[in-house]
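Below are the chains, spelled out letter by letter.
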Amino acid sequence: MMQYVHSFIRNIGEEKGLSRSTLESYERDLLQFFEFVERQGIQSANQIKKIHVSMYMNEMKSQSFASSTVTRKLVSLRSFFHYMVKESLLEQDPTLYLESPKLEKKIPQVLTVEQVEHLLAAPDISSPPGMRDKAMLELLYATGMKVSELTALNLDDVNPDLKFLRCTSSSGKERVLPISSMSAEAVGAYIKQMRPKLARGREENGLFLNNHGTRLTRQGFWKILKKYAAESGIDEGITPHTLRHSFAAHLLEDGADIRSVQEMLGHSDLSAAPLYGALTKKVMKDVYESHHPRERAYSTQLKERSVYDNN
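Residues numbered from 1 in each chain as written. Predicted model: local features only at pLDDT ≥ 70, side-chain atom pairs only at ≥ 80, totals over all residues. Heavy atoms only, no water.

Novice: What is the right way to read the overall build of the protein from this model?
Specialist: Helix and strand content of the protein: 13 helices and 3 strands. Within the protein, the proportion of its 311 residues that are buried is 43%. Pairs at least 24 apart in sequence give 58% of the contacts found in the protein among residues at least 6 apart. Accessible surface computed for the protein: about 16900 Å², of which carbon and sulfur atoms make up 50%. (Helix = DSSP H or I, 4+ residues; strand = E, 2+ residues; numbered from the N terminus. Buried < 20%, exposed > 50% of the residue type's maximum accessible area, 1.4 Å probe, protein only. Contact = heavy atoms within 4.5 Å. Areas by Shrake-Rupley, 256 points an atom, 1.4 Å probe, with all protein chains shown as cover.)

Novice: Where do I start with the pattern of salt bridges in this structure?
Specialist: Two side chains bearing opposite charge may form a pair once their charged atoms approach each other closely. According to the stated counting rule, one finds 9 salt bridges in the structure shown. Put simply, Arg 72 and Asp 29 hold a salt bridge, and the shortest N to O gap is 2.7 Å. Of this pair, Arg 72 sits in helix 4 (residues 67-86) while Asp 29 sits in helix 2 (residues 20-39); the two residues are 43 residues apart in sequence, bridging distant segments of the chain. Where Glu 149 meets Arg 175, a salt bridge forms, and the shortest distance between an N and an O atom there is 3.0 Å. With Glu 149 in helix 7 (residues 147-151) and Arg 175 in strand 3 (residues 174-178), the pair connects residues that are 26 residues apart, well separated along the chain. (Salt bridge = Lys/Arg side-chain N within 4 Å of Asp/Glu carboxyl O.)

Novice: Sorry if this is basic, but what is going on with helix 3 (residues 50-62) here?
Specialist: Helical periodicity: at 3.6 residues per turn, an α-helix aligns residues three or four positions apart in one direction. For helix 3, which comprises 13 residues, the first-to-last C-alpha distance of 18 Å matches the rise-based estimate of 18 Å (1.5 Å per residue) to within 8%. Where helix 3 is concerned, the buried positions are His 52, Val 53, Tyr 56, Met 57 and Met 60. Looking straight down helix 3, one finds that the buried residues subtend no more than 135° of arc, so they occupy a single side. Set apart from the buried face of helix 3 by more than 90 degrees, the exposed residues are Ile 51 and Ser 62. Looking at the buried positions of helix 3, the neighbouring elements they touch are helix 2 and helix 4. (Expected span 1.5 Å × (residues − 1). Arc of directions from axis to C-beta.)

Novice: Can you walk me through the pairing of strand 2 (residues 164-168) in this structure?
Specialist: Going residue by residue along strand 2, you find Leu 165 and Cys 167 tucked away on one face and Phe 164, Arg 166 and Thr 168 left uncovered on the opposite face. With 2 bridges joining them, strand 1 (residues 158-159) and strand 2 adopt antiparallel strand pairing. Across the sheet, Asn 159 pairs through a bridge with Phe 164, a residue of strand 2. The antiparallel hairpin formed by strand 1 and strand 2 contains 4 residues in its connecting segment, where Lys 163 sits at a positive phi of about 60°. Where strand 2 meets strand 3, 5 bridges bridge the pair, whose relative direction is antiparallel. Along strand 3, the bridge assignment pairs Arg 166 with Val 176. Hairpin connection of strand 2 to strand 3: 5 residues between the antiparallel strands, including Gly 172 at a positive phi of 95°. (Pairing = 2+ DSSP bridges.)

In structure tokens form, the structure reads like this:
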């Protein structure tokens, strides 16, 4: 059965242009299922029936797997068996008419504005890693990007002077996002002052580098976030997605319309809202500057500096 799994993975990789991590997830789901059916005495794919898939789903439920996990694994199986039938490798799809488990609606974890401020203030910007971490955290909260998009940024993707950046999702969809003045300052300072020290003369196009002078990974950022969350006294449940949720929640709470937030996040759907048309960059930027807490704080600082300088 493994030869079919490998050909399926190659097929969806070529057809859909999925990321390596997504393909690995598909493969892992299929391997776990085949390990299960082999324990039931199944030796070939054409022996797999609907009852075997149902038994597998019931076993996952009995092991307290989240309904979202069970649903994802069922999606992987459906894609695989659809491929097998399409390629005439199977006569019947055993996942047909199987109902997906009802998904539990969980409220995303969101930090308060004060918690975010503590988190963003945690890095020691006197060191190269500290200034890099400050820039990353500022940029993540400023844009609501996914961590995979953040770590994939190249030097020429960010323009601190114009306060815009270009990011690409794992599916290859590109979008241009406004960034806050504070994040632009942090990224600009990192690029000029500390990135060359991390690069150590290496020809590396990645924006955010590790201590070896190569591109920082998602796993590397995860460790960095956990460290500063602990230092800031934030609950251990924080994930990189927490800043993404906080970005969206804070904008919406402050009056930004959901269409603008959708566009910035790159979502086709946000909180079960209907699809909306794309907004122009100017409208997005106006909404962003009016409602993002860090952008408003920066404007206040500029006014205070002006009053102080004039006195």
